[in-house]
Amino acid sequence: MRKAYTPETAAADVEKTLQVLEGRWKLIILFHLFGGKIQRYSELERLIPGVSPKMLAQQLRQLEADGLISRKLYPQVPPKVEYRLTAWGQALCPALDALLQWAEKRPEAGAPRE
């Protein structure tokens with residue numbers, strides 16, 4: 001059964017949700033894991049050239065703590081770590097697709113607004 005929202009409770013829950021996703025790199029990391037992809041730390045570093053190693057590690061830890069991704073450490077030298085989306089993280093994909101579709105409808109700069 002779906003939760004019934006008031007404007008106040010909806011605003012509070014949107015704020016909580018955005019706190020889970022806030023961070024410059026989190027959505028980009030999630031994008032690289034959608035579709036069941038498994039990425040190693042070094043692959044994510046290569047795929048996201050603007051992120052520092054410290055920030056990537058921090059954002060990955062936060063995503064893991066929030067239950068969006070899972071981390072698997074292989075006991076070998078050098079250590080091998082893989083990241084993948086949890087089922088809850090994968091469930092975010094349609095919402096982000098909808099957000100991209102919404103962004104595509106943005107009027108051009110200088111175009112008359114309705």
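Structure: above.
Below you will find a few notes about this structure. All values reported here derive from a predicted model rather than from experimental measurement. Throughout, residues of each chain are indexed from 1 in the direction in which the sequence is written. With the structure being a predicted model, the display of local features is reserved for residues of pLDDT at least 70 and the display and counting of side-chain atom pairs for 80 or more, all residues being used for whole-chain, interface and lining totals. Side-chain metrics rest on all non-hydrogen atoms present in the structure, leaving aside hydrogens and water.

## Some words on the sheet that holds strand β2 (residues 69–74)
Okay, step 1: The sheet built from three strands is open, its strands ordered β1-β3-β2 with antiparallel pairing. Edge positions in the sheet fall to β1 (39–40) and β2, since each has one partner strand and no second.
Okay, step 2: Following DSSP output, two strands are said to pair if at least two bridges run between them. By definition, any uninterrupted DSSP run of H or I lasting at least four residues is a helix, any uninterrupted run of E lasting at least two residues is a strand, and each is numbered from the N terminus. Of the pairings in the sheet, the one linking β1 to strand β3 (residues 80–85) comprises two bridges and is antiparallel in character. Among the inter-strand pairings, Arg 40 is bridged to a residue of β3, identified as Glu 82.
Okay, step 3: The strands that helix α2 (residues 26–33) touches are β1, β2 and β3; relative to β3, the one it contacts most, it runs at about 90 degrees. In what follows, residue pairs with any heavy atoms lying within 4.5 Å of each other are defined as contacts. All axes are obtained by fitting lines to C-alpha atoms, using only the stretch in contact for helices, and the reported angles, taken between N-to-C directions, cover 0 to 180 degrees.

## Remarks on the side chain of His 32
Okay, step 1: Structurally, His 32 is set in helix α2.
Okay, step 2: If near-sequence neighbours (up to four positions away) are discounted, His 32 is found in contact with Lys 37, Gln 39, Leu 44, Leu 47 and Ile 48.

## Describing the pairing of β3
Okay, step 1: With six bridges joining them, β2 and β3 adopt antiparallel strand pairing. Across the sheet, residue Leu 73 finds its bridge partner in β3, namely Val 81.
Okay, step 2: The hairpin turn running from β2 into β3, its antiparallel successor, is five residues long.

## Brief notes about the pattern of salt bridges
Okay, step 1: When a carboxyl oxygen of Asp or Glu lies within 4 Å of a side-chain nitrogen of Lys or Arg, that pair is called a salt bridge. What the rule picks out here adds up to three salt bridges.
Okay, step 2: As a salt-bridge pair, Lys 3 and Asp 13 come within 2.8 Å of each other at their nearest N and O atoms. You can see Lys 3 sitting in the segment before α1 (7–21) and its partner Asp 13 sitting in helix α1, a full ten residues away along the chain.
Okay, step 3: The class for Lys 3 is partly exposed, based on a relative accessible area of 48%. Buried means the residue's accessible area, taken with a 1.4 Å probe over protein chains only, is under 20% of the maximum for its type, while exposed means over 50%, and partly exposed covers the values in between.

## Structural notes on α2
Okay, step 1: Of all the positions in α2, only Lys 26, Ile 29, Leu 30, His 32 and Leu 33 are classed as buried. Seen end-on, α2 carries its buried residues on one side only, within an arc spanning 160 degrees.
Okay, step 2: The positive-phi residue at the C-terminal boundary of α2 is Gly 35, with phi of around 80 degrees. In this description, one arc is meant: the one made by directions from the helix axis to the C-beta atoms.

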